[in-house]
Every structure is written in C-alpha cells, then in structure tokens.
Amino acid sequence: MKQVFHYFAPCPRGLEGVLAEELAQLGALGIAPTDGGVAFHGDWTLMYRANLHSRIASRILWRLVDKSYRSEDDIYKAARALEWPELFGVERTIKVAVTGVGCKLKSLDFIALKVKDAVCDAFRAQCGERPSVDTANPDLRIHVFLTERQMTLYLDTSGEALFKRGYRRETGDAPLRENLAAGILRLTGWKVDEPLLDPMCGSGTFLVEAAMMARHMAPGRWREFAFARLKQFDAALWAQLKQAALAAEQPEAVTHIYGSDDTPDVLMAARANLASAGVSDAVVLEEADALERSAPAEQGVMVCNPPYGIRLEEQTWLDALYPMLGHALKQRFSGWRAYYFTADLRLAKLIRLSASKRTVLFNGALECRLFEYRMVAGSNRKQD
C-alpha cells in the first residue's frame, strides 16, 4: 500500500474553489479548501503530478508537523523532533519562512531562527555538521504557519513559486501572475474550443496560459523542482511522469485564441512570451485599439485586465475610458461573455453595464474584482 502524505497548496485568494477542482482532477484526496489555499492528501506520485500540472497553485507544501504550541521552545522541540537528515543531505542550503495569523508570540523572525537552529542541531547530532542558510536562492524552503495556538511546519516541494513557469521573456507594467491568469480563465468557464479574446493583452499572460491549456501543455514542463533535492526523490518515476505529460501534448490542436494591443512595444513583449512558450502559432495577435476592434467570432469569451490608475490624472483618463469600453461591448460583442479583472472598483459603475457576476480576487494583497458581462443584445444597459 502506498504511503499517504499530507499537502497544502497555497493560491491567490479567491481561486480556492477552482484549485480544489483541479487537484481533484489530478487525483488528490481529502480536499479541503481554506482561505488562501487547499489542503489535500495523496501519495508521493501525486505530489510530483501536482507540481507538474497545477496551473493555479502557488506551491505544493508537504506537511511535516501539525500540533499545538504555547512558546517558542515548543516550536523548537517540534521541529527538532523531525529526522531532518533523512529528508535531505547536509550539503543542501535552506531558508525558513514564518507567517502567522493571530499568533501572540513577539517575533516571527525569532521563531524562524529557532526553527533553523532545530534543523541545524538535528544535522549536527547525526552528521557532525550543519546545512548552510541561503535566503536568496535556497535548495530547500521550510515554511512555518502559526495561528494563536497551532503550528504547522511544511517542506516546500516546489522551490521557486509555481507561477514561475519559465517561459516569460518580456514583461509589461505589473504583469499578471501566471497562476492568477490561469485561475481567471477557469472562473470564466472558457472551453478550449471556444473563441477567446484579450483586447488589451499586455505581455500576453492570458494568451499563453490559454494556449497551453488548449494544447494540453503541462505548466511545469520547462522547470525544475525542489523535490528533486530530497532523498526520497525517484528519478525514474519523475522521468516517466514528465514523458507522459509531453506525450499528452497536442501541438496540432486547432485554437481560436486572439489578442491585441495598441502599443507596438507591448505586442513585441507578447510575441516574445508566446514564442518562448512554443505557442506562437496558437494565437492570432494584432495591433488594434480595444475600443475599435471587432469581435473575431459570433460568440466567445473576452477576458481583459484593463489598466487602472493610482494618480489622479490616470483616474480621470479611466473615467472616460470605462464608458467607452461598455459602449464597444454593446456595439461589437453581442453574444459574447466579457470578463474584466481590475483593482479599480469604479469600473462596475462607470462601464454602464449590469454585471451578471462579481468575483472577489486578490492580486497579492491587492483586492480586485472579476466582473462578468453577458452581452445579450439590448439587455445589459444600466438603468439611470
């Protein structure tokens, strides 16, 4: 019987539901969404597959300790009790990160130091030497999460965050994180045989993520993972899973994905990212003004992350833009579902259309909304 391990997959807040669905499709068991992520369990193979295939998770964390505590010494003892030298070699560099919600202890930095000491003491006792700390680019990351009385300690199996797919070559201003873009695509209900348009595509994150979905390309296909540095790593099994993922790709799949922007330099960045991901031929990209371009099909899904302003002059410009976006939707996109992801909550009022759905999402700490507009001719005009 295969050994069962407990995991936690953090994600952008608001995407817990679609992440839970994705993990279920990958074969996860005991799925329990919570604020900011999803707990689940399964065997070691599932952890490999989740890292390779999850489009929405930020990391896959392996839970090693979950117990109550009262003091810093309790946390030290819980971490010290683990057989760290059985997990990874002393030559590996480490980093400890601590976060807390309702934790009454004075210093999270001090707790991180205590956990680091516990790990190093375990190595010294068994090996006579200790691993080094590397806060910039560690081989392995240890995460500790504290509530008022409960500590949970995880070993990060991902390494770099999973949204760092490895294809991004160029970025525009404040590019959307890849896993947030993938999660938004899931929230829209877009199916890979439907037309999809991003009329303000920026560096092309929605377009690349959609093309990878349509071509069945695993998001982790280009990158390495921290689990390869663990003693339990099964190189043959990992090679088999990765080969199966590559064999499942459909490079010839017909796609109906369209993108445009009105700035040549921005389009150049999008083209570079599409090329890096190997999906240039999956997307029709053109220079066009979002207010003037026509729909590329009779119906489909529009998804867009329009600019939002911090300074007063930017907000004044957007006050004029949003009503024009609404007018363009009414004029040219009858039959489409349109989704605007924005941190500017004034959009819903100024666009002068009735949103059929409003989903709260977070881009980091920034509270945002995903507004849905179902464009049925004549029915979406907001009543004054």
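Our subject is the structure that appears above.
Residues numbered from 1 in each chain as written. Predicted model: local features only at pLDDT ≥ 70, side-chain atom pairs only at ≥ 80, totals over all residues. Heavy atoms only, no water.

A.B. asks: How should the pattern of salt bridges be read in this particular structure?
C.D. replies: Proximity of charged atoms lets side chains of opposite charge pair with each other. The full count for this structure, using the stated rule, is 18 salt bridges. Put simply, R59 and D156 hold a salt bridge, and the shortest N to O gap is 2.6 Å. Within this pair, whereas R59 is found in the loop between helix 2 (44-53) and strand 4 (61-68), its partner D156 is found in strand 7 (residues 150-156), the two being separated by 97 residues in sequence. You'll find R59 and D156 in the same group, each marked buried. Two residues, R165 and E209, come together in a salt bridge whose shortest N-O distance is 3.0 Å. Placement of the pair is R165 in the loop between strand 7 and helix 6 (178-188) and E209 in helix 7 (residues 205-214), with a sequence separation of 44 residues. Look at R165 and you get buried, because its relative accessible area is 1%. Of the residues examined, E209 reaches a relative accessible area of 0% and is grouped as buried. Shared partners join several salt bridges into a network, and the residues in it are D319, D344 and R346. (Salt bridge = Lys/Arg side-chain N within 4 Å of Asp/Glu carboxyl O. Helix = DSSP H or I, 4+ residues; strand = E, 2+ residues; numbered from the N terminus. Buried < 20%, exposed > 50% of the residue type's maximum accessible area, 1.4 Å probe, protein only.)

A.B. asks: Any chance you could explain the side chain of N273 here in plain terms?
C.D. replies: Checked against the element boundaries, N273 lands in helix 9 (residues 264-276). Taking the relative accessible area as the measure of exposure, N273 reaches 1% and is therefore buried. Those residues in contact with N273, other than ones at most four positions away along the chain, are Y167, R168, R169, E170, S203 and V208. (Contact = heavy atoms within 4.5 Å.)

A.B. asks: Would you mind showing me how to read the state of the cysteines here?
C.D. replies: Working definition of a disulfide: a covalent bond connecting the sulfur atoms of two cysteines. In this structure the tally under the stated criterion is zero disulfides. In this structure C120 is not part of a disulfide, and its nearest cysteine sulfur, from C127, lies 11 Å away. Residue class for C120 comes out buried when judged on its relative accessible area of 1%. (Disulfide = S-S within 2.5 Å.)

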